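# Secondary and tertiary structure notes
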Amino acid sequence: MAANPTQLSIVRAVAADMAMRQDFDLDSIEDLKLAVDEACSTLIEMAVPETVLSCQFVVVDGAVQVSTKATSEGSAPPDRDSFGWRVLSALVDSVSTWVAPDDDRFVVHIDLVKRSAGTVNE
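Residues numbered from 1 in each chain as written. Predicted model: local features only at pLDDT ≥ 70, side-chain atom pairs only at ≥ 80, totals over all residues. Heavy atoms only, no water.

Attention now moves to the overall build of the protein. A tally of helices and strands in the protein yields three helices and four strands. For the protein, the sequential pattern of α-helices and β-strands runs α-α-β-β-α-β-β. The globule rule puts the C-alpha radius of gyration for 122 residues at 14 Å, and the 14 Å found for the protein is close to it. Across the protein, contacts joining residues at least 24 apart in sequence account for 60% of those joining residues at least 6 apart. Total accessible area on the protein is roughly 6900 Å²; 48% of this is exposed by carbon and sulfur atoms. (Helix = DSSP H or I, 4+ residues; strand = E, 2+ residues; numbered from the N terminus. Rg over C-alpha atoms; globule rule 2.2 N^0.38 Å. Contact = heavy atoms within 4.5 Å. Areas by Shrake-Rupley, 256 points an atom, 1.4 Å probe, with all protein chains shown as cover.)

Now the structure itself:
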């Protein structure tokens, strides 16, 4: 989708649908929606104008894994000391970021994993 804030409602809806299909409770669904929104918003702020924001959802063992990326002119990853990153980290079970070179630009990645609150380790 376009790296544009007007597209965030689409990605939030997909995140909610994926979480509901995994029987997440209401709080976990909201956490995933907010986390995906924060990750995508962060990438949109860093993105080159007119670029694409990619967001891939994968379900593995009751967890939703989300991989997001966008092209940036800068080689720096998102600020891990920012308020937004702290909120993102608090909402999910794991989050990571990295930057990969791409010709004369860079691709910034943010990946996150959210597990259902009802998942019990045996």
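Picking up after the structure, the text goes on.
Counting across every chain of the model gives six salt bridges. Taking the shortest distance from any N to any O, the salt bridge between Glu30 and Lys33 comes out at 3.3 Å. On the criterion of helical spacing, the pair formed by Glu30 and Lys33 is a turn pair, its members being three residues apart in helix α2 (residues 26–46). Accessibility expressed as a relative area gives 38% for Glu30, which makes it partly exposed. According to the relative accessible area criterion, Lys33 is partly exposed, its value standing at 22%. (Salt bridge = Lys/Arg side-chain N within 4 Å of Asp/Glu carboxyl O. Buried < 20%, exposed > 50% of the residue type's maximum accessible area, 1.4 Å probe, protein only.)

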